[in-house]
Amino acid sequence: MHTTNYFDTFIAVAEDTAAVAAAEPPTRATPTIAELTYRMIAENPYRYTSDDVIFAVWADRRDVAPEERESARAEFFAKGQPCMRSSDLGKRYGWGVHTDAEGRIALVPVESAEYARLVAGEGGVTVTRAMRSKR
């Protein structure tokens, strides 16, 4: 079974991001992946792992019934999935993603003091970056 979880890691914004301050993804009639991901993490910091968020967003967008989610999750993670490094939150909207020792995630705005502390590697976190939007 594959996983997208990181532990004690900080995913900084992409090198080529234009964001100088964090912004919520815009609300659309049909919510985007970025909007659903943002909402789930922002409303529940350090509650869910990356796997929890990525699967829930995928399942919600496909209207997977609650009683089918356990088997759908096993099938979903039977192959590799894009991790939070590929999310528009870090590539476009100015959000860093911090994972604690248990793999639970929270968003950190790029303009915050906490972001500066985490991107410097303080607290013993491994620092990586969101994927670039362009090659």
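Residues numbered from 1 in each chain as written. Predicted model: local features only at pLDDT ≥ 70, side-chain atom pairs only at ≥ 80, totals over all residues. Heavy atoms only, no water.

Considering the packing of helix H1 (residues 33-42) against helix H2 (residues 50-61)
Two elements in contact, H1 and H2, have axes whose closest approach is 10 Å; the angle formed by their N-to-C orientations is 130 degrees. Between H1 and H2, the crossing angle belongs to the class labelled oblique. The crossing of H1 and H2 is right-handed. Packed against H1, whose contacting residues are Ile33, Leu36, Thr37, Met40 and Ile41, the element H2 presents Asp52, Val53, Ala56, Val57 and Arg61 at the interface. In terms of residue class, the contact of H1 with H2 is made up of seven nonpolar, one polar and two charged. (Axes fitted to C-alpha atoms, helices over the stretch in contact; angles between N-to-C directions. Helix = DSSP H or I, 4+ residues; strand = E, 2+ residues; numbered from the N terminus. Parallel < 35°, antiparallel > 145°, perpendicular 65-115°, else oblique. Left-handed = near helix turned anticlockwise from the far one by under 90°. Contact = heavy atoms within 4.5 Å. Nonpolar A, V, L, I, M, F, W, Y, C, P; charged D, E, K, R; others polar.)

Comments concerning the side chain of Thr99
Of note, Thr99 is situated in strand S2 (residues 95-99). Residues in contact with Thr99, not counting those within four places in the same chain, are Tyr6, Phe7, Asp8, Thr9, Arg104 and Ile105.

A word on unusual backbone geometry
Positioned with a positive phi, Asp8 is a non-glycine residue whose angle comes to about 45 degrees. Positive phi, close to 55 degrees, is recorded for Asp63, a residue that is not glycine. Here Asp63 is to be found in the loop between H2 and helix H3 (69-76). Residue classification places Asp63 among the exposed positions, given a relative accessible area of 69%. (Buried < 20%, exposed > 50% of the residue type's maximum accessible area, 1.4 Å probe, protein only.)

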